[in-house]
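# What the coordinates show
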Amino acid sequence: MIEIKQLHKYFGKLHVLQGIDLNVNKGEVLSIIGSSGSGKSTLLYCINGLEPIQQGQIMVDGIPVHDAKTDINKLRQKLGMVFQQWNSFPHLTALENVALAPKIVRKMSRDEAKTIAEKQLRHVGLGDKLDVYPSALSGGQQQRLAIARALAMEPAYMLFDEATSALDPELVGEVLDTMRLLAEEGMTMICVTHEMSFARDVSDRVAYFHQGHMEEVGPPAQIFGDPQSPHTRKFLASVR
Amino acid sequence: MDYNFHWRPVFRQLPDLFEAGLLTLEVAILSMILGIMLGLILALLRMNGPRPLRWIANFWVELARNTPALFQLFFFGFGLGAFGLHLTPYLIVLLGLSFNNAGYLAENFRGGFLAVPDTQIRAARSLGMTASQTYIRIIIPQVLRIVYHPMTNQMVWAVLMSSLGMLVGFRELSGETQFFASKTYRIFEYFAVTAVIYYVIVKIILIGSKLAARRLFKY
Ligand SMILES: Nc1ncnc2c1ncn2[C@@H]1O[C@H](COP(=O)(O)OP(=O)(O)O)[C@@H](O)[C@H]1O
Ligand SMILES: [Mg+2]
């Protein structure tokens with residue numbers, strides 16, 4: 001379970017997250033929507049400790065992320081992350097991209113790492129691209145590669161930061177399908193997304209962020225059908 | 001023209017010259033290995049080092065790039081000698097070249113580091129890699145590819161620069177040539193043959209580099 005309590009985050013004087021309270025349960029899919037600059041990406045970065053926080057607490061399975069005593073590299077193995085820009089490692093083949101972290105972070109043997117990498121690449125539909133370098137993959141394939149790479153750490157949670165926003169429209173579908181597949185398999189996911197249909201159809205809950213606040217959170221039917229906040233209503237009208 | 005060419009004495013010394021050529025190659029290669037390691041450290045210090053170390057790194061790069069290479073050799077020879085530290089000619093040349101290589105390469109490496117997007121670091125760290133794993137496995141391999149051609153040029157430069165070694169008493173290819181030339185007075189012949197040997201060494205490096213690149217960089 002991910003527990004966020006009274007989280008405040010500043011970039012210098014800029015108060016980017018202004019007191020976020022949010023729990024995400026095991027097996028749950030939470031989508032975060034909201035206009036650009038509202039702090040959605042920053043929240044994900046805070047959850048896996050890529051950004052420090054100034055106030056409040058984030059716990060992952062009872063472990064405080066920002067505590068100096070926490071082994072953050074170990075904790076990050078629980079938290080897979082997929083970024084807006086597909087960050088394939090260009091000097092490694094697809095297989096090496098996925099096998100590297102299991103080998104050097106989880107200390108698996110070469111064979112074990114290779115086995116799990118093959119399994120996850122097949123999982124995301126790249127079983128025929130094992131020895132291909134990222135430069136020969138499309139954006140959608142590279143984003144699926146990034147998903148496989150995160151999954152190879154066998155994380156308990158997956159964080160998606162606008163995984164489809166940088167893709168050409170015709171490539172969005174294959175990545176969303178992969179995310180949908182993970183959701184069906186019971187993965188706990190937090191998905192920052194602009195894909196309203198994904199948020200509506202796949203999530204258990206949807207959170208709307210507005211200027212550093214979590215304005216509203218609830219089941220998709222409520223957020224999309226009967227939004228309580230005028231900000232939410234305005235935002236939804238603008239994206240329809 | 002009243003100069004008579006005498007090539008035979010030169011050809012008789014060819015084995016010695018080849019051996020000296022190998023010494024030149026050896027000192028150039030070692031100075032590149034040291035230069036690459038030091039250059040990487042200098043580049044990282046200049047970008048993220050604590051202040052005094054950053055200043056030292058900047059100073060090093062400035063000196064290496066903006067003073068004659070010969071003076072840099074002299075520093076490790078006569079300069080340190082004045083303080084009672086007498087290095088062998090081999091070490092003077094090795095350290096002098098490494099100092100110079102590191103300075104030039106540091107600047108190339110910095111450009112290389114800036115060319116690798118930050119998002120690569122975030123992605124690696126999000127997988128649980130430590131900062132040093134991220135640098136060693138993800139960032140530096142990409143930087144080495146970006147600076148591969150400047151690095152090859154620096155290697156060529158190191159071979160040619162090592163000829164300055166004859167001025168600090170080092171019997172590498174030029175020193176050895178000078179030694180025989182002054183013994184036999186066949187100065188032109190010796191230096192002409194040696195120039196050809198330098199040329200061949202440089203060509204071998206350039207071709208080797210091209211072949212190695214094909215194997216190393218499949219992406
Ligand atoms: N590294 C940073 N340094 C300074 N300001 C930042 C940084 N990252 C994000 N911000 C600012 O924080 C705010 C929230 O950004 P972000 O979390 O990326 O929003 P979103 O993902 O919702 O679009 C924005 O105003 C953005 O400009
Ligand atoms: Mg964002």
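On a predicted model such as this, the values are computed, not experimentally measured, just so you know.

With that settled, the discussion passes to the overall build of chain B. The helix and strand tally for chain B stands at 10 helices and 0 strands. Taken from the N to the C terminus, the helices and strands of chain B come in the order α-α-α-α-α-α-α-α-α-α. Each principal axis of the C-alpha distribution contributes one length, and for chain B these read about 75 × 45 × 25 Å. Counting over 219 residues, chain B shows a buried share of 42%. Considering only contacts within chain B whose residues lie at least 6 apart along the sequence, 77% involve residues at least 24 apart.

Under the UniProt annotation, "domain: ABC transmembrane type-1" (unreviewed entry) lies at residues 21–206 of chain B. With 84% helix and 0% strand, residues 21–206 of chain B has its two end C-alpha atoms placed 16 Å apart.

This part covers the pairing of strand S1 (residues 2–11) of chain A. Residues and elements named next belong to chain A. The sheet contact formed by S1 and strand S2 (residues 14–24) spans 8 bridges and is antiparallel. Paired with Ile-4 across the bridge in S2 is Leu-22. From the end of S1 to the start of S2, which pair antiparallel, there are 2 residues, and Gly-12 there has a positive phi angle of about 65°.

With that settled, the discussion passes to the interface of chain A and chain B. Each side of the interface is counted separately: chain A has 23 residues, and chain B has 18 residues. Both sides of the chain A and chain B interface together cover about 2000 Å² of buried area, and 63% of this is carbon and sulfur. Of all residues in chain A, the largest losses of buried area upon contact with chain B belong to Phe89(A), His91(A) and Ile104(A), amounting jointly to 27% of the total for that side. Across the chain A-chain B interface, the total number found is 1 salt bridge. Here Glu51(A) and Arg122(B) are joined by a salt bridge, their closest N and O atoms 2.9 Å apart. Counting the contacts that link chain A with chain B gives 6 residue pairs in polar contact (both at pLDDT 80 or more). Elements that contribute at least two residues to the side of chain A that touches chain B include exactly strand S6 (79–82), helix H3 (94–104) and helix H5 (139–151) of chain A.

Turning our attention to the packing of helix H5 (residues 89–115) of chain B against helix H7 (residues 131–146) of chain B. Residue and element names in this part refer to chain B. Contact geometry of H5 with H7 gives a least axis separation of 8 Å together with a crossing angle of 120°. Overall, the two elements H5 and H7 adopt an arrangement that is oblique. Where H5 crosses over H7, the two elements pack in a sense that is right-handed. Here Phe-109, Gly-112, Phe-113 and Ala-115 of H5 lie close against H7, whose contacting residues are Tyr-135, Ile-139, Ile-140, Val-143, Leu-144 and Ile-146. Of the residues contributing to the contact of H5 with H7, the split by class is 9 nonpolar, 1 polar and no charged.

On the UniProt side, "transmembrane region" (unreviewed entry) is annotated at positions that read residues 20–45, 73–99, 154–170 and 190–213 of chain B here. Taken end to end, residues 154–170 of chain B is 47% helix and 0% strand, and its two terminal C-alpha atoms sit 21 Å from one another.

Residues and elements named next belong to chain A. As a structural note, the neighbourhood of ligand 1 is formed by Phe-11, Leu-14, Val-16, Ser-35, Ser-36, Gly-37, Ser-38, Gly-39, Lys-40, Ser-41 and Thr-42. Contact between ligand 1 and Gly-39: an oxygen atom at 3.0 Å from a main-chain N or O atom of the residue. A distance of 2.8 Å separates an oxygen atom of ligand 1 from a polar atom in the side chain of Lys-40. Burial of ligand 1 by the surrounding chains reaches 58%, relative to a free accessible area of 550 Å². Within the residue set of the shell around ligand 1, elements represented by two or more residues are S2 and helix H1 (40–47). With 3 residues, the single largest contributor to the shell around ligand 1 is H1.

As a further point, take the pattern of salt bridges. Across all of its chains, the model carries 13 salt bridges over all chains by this definition. One salt bridge connects Glu51(A) with Lys9(A), and the closest N-O pair in it is separated by 3.1 Å. Here Glu51(A), found in the loop between H1 and strand S4 (55–60), pairs with Lys9(A), found in strand S1; they are 42 residues apart in sequence, far enough to count as distant. Here Glu51(A) and Lys9(A) have matching classes, each one buried. For the salt bridge of Glu154(A) with Arg106(A), the shortest nitrogen-to-oxygen distance reads 2.7 Å. Of this pair, Glu154(A) sits in the loop between H5 and strand S7 (157–161) while Arg106(A) sits in the loop between H3 and helix H4 (110–123), placing them 48 residues apart in sequence. Taking relative accessible area as the criterion, Arg106(A) reaches 25% and is therefore assigned partly exposed. Salt bridges linked by common partners bring Lys9(A), Glu51(A) and Arg122(B) together as one network.

Procedures and definitions
Residues numbered from 1 in each chain as written. Chains lettered and ligands numbered in written order. Predicted model: local features only at pLDDT ≥ 70, side-chain atom pairs only at ≥ 80, totals over all residues. Heavy atoms only, no water. Helix = DSSP H or I, 4+ residues; strand = E, 2+ residues; numbered from the N terminus. Buried < 20%, exposed > 50% of the residue type's maximum accessible area, 1.4 Å probe, protein only. Contact = heavy atoms within 4.5 Å. UniProt positions renumbered as here; feature names shortened; annotations may be inferred. Pairing = 2+ DSSP bridges. Buried area = accessible area lost by both parts, 1.4 Å probe. Salt bridge = Lys/Arg side-chain N within 4 Å of Asp/Glu carboxyl O. Polar contact = N/O pair within 3.5 Å; in protein donor to acceptor, adjacent residues only side chain to side chain. Axes fitted to C-alpha atoms, helices over the stretch in contact; angles between N-to-C directions. Parallel < 35°, antiparallel > 145°, perpendicular 65-115°, else oblique. Left-handed = near helix turned anticlockwise from the far one by under 90°. Nonpolar A, V, L, I, M, F, W, Y, C, P; charged D, E, K, R; others polar. Near = heavy atom within 4 Å. Areas by Shrake-Rupley, 256 points an atom, 1.4 Å probe, with all protein chains shown as cover.

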